[in-house]
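The residues making up each chain are set out below.
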Amino acid sequence: NRVIACATGTLVTSMVQSSSATTVMLVGFVDAGLMTLTQAIGVVLGANIGTTVTAQLIAFNISNYAWGYCFASFFHPECGNSGVRSFSDSAFCSLA
């Protein structure tokens, strides 16, 4: 699905903070036969969107809201009973 491929590219680029690294991984996956070129094109387009979103977040003055993001991530519902933070909690807190 092209929409899921685009969303995946956006998500991976947001986590890695580099569309070049995402594209290099995709070239390796296509060369190894793990993905087709058609599948990789959707992810590359999503990587470009992820770069744009990341740059736009930096351009906004969100420093006033940083402590609010950290506080909200601490009480995120996926914390679990063991107190171990999940990946989504860490990603949510990394926005600050």
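Right above here is the structure, for reference.
The numbering scheme is per chain: residues are counted from 1 as the chain's sequence reads. Whole-chain, interface and lining totals are the exception, using all residues; otherwise, since this is a predicted model, local features are given only for residues with pLDDT of at least 70 and side-chain atom pairs are given and counted only at 80 or more. Each side-chain value is worked out from all heavy atoms of the structure, with water and hydrogens disregarded.

1. Digging into helix 3 (residues 37-59)
Only DSSP runs of H or I with at least four residues qualify as helices, and only runs of E with at least two residues qualify as strands; both kinds are numbered from the N terminus onward. Multiplying 1.5 Å by the helix residue count minus one yields the expected span of that helix. Given a rise of 1.5 Å per residue, 23 residues ought to cover 33 Å, and the 33 Å separating the end C-alpha atoms of helix 3 matches this to within 8%. Burial in helix 3 covers these residues: Ala-40, Gly-42, Val-43, Gly-46, Ala-47, Gly-50 and Thr-54. Close packing links the buried residues of helix 3 with helix 1 (2-16) and helix 2 (19-32). To sort residues, take the accessible area from a 1.4 Å probe on protein chains only and compare it with the maximum for the residue type: under 20% means buried, over 50% means exposed, and anything in between is partly exposed. Any pair of residues with heavy atoms lying within 4.5 Å of one another is described as a contacting pair.

2. Description of the nonpolar core
For the purposes of this section, nonpolar cores are sets of buried Ala, Val, Leu, Ile, Met, Phe, Trp, Tyr and Cys residues that join through side-chain atoms within 4.5 Å. Listed in full, the five residues of the largest apolar core are Ala-5, Leu-26, Met-35, Ala-40 and Val-43. Here Leu-26 is in contact with Met-35, Ala-40, Val-43 and Val-44, once residues within four sequence places are set aside.

3. What about the side chain of Thr-10?
The topology assignment puts Thr-10 in helix 1. Polar contacts here mean pairs of N or O atoms no more than 3.5 Å apart (in protein, one a potential hydrogen donor and the other a potential acceptor; neighbouring residues in sequence count only if both atoms are side-chain atoms). There is a polar contact of 3.0 Å between the side chain of Thr-10 and the backbone oxygen of Gly-46.

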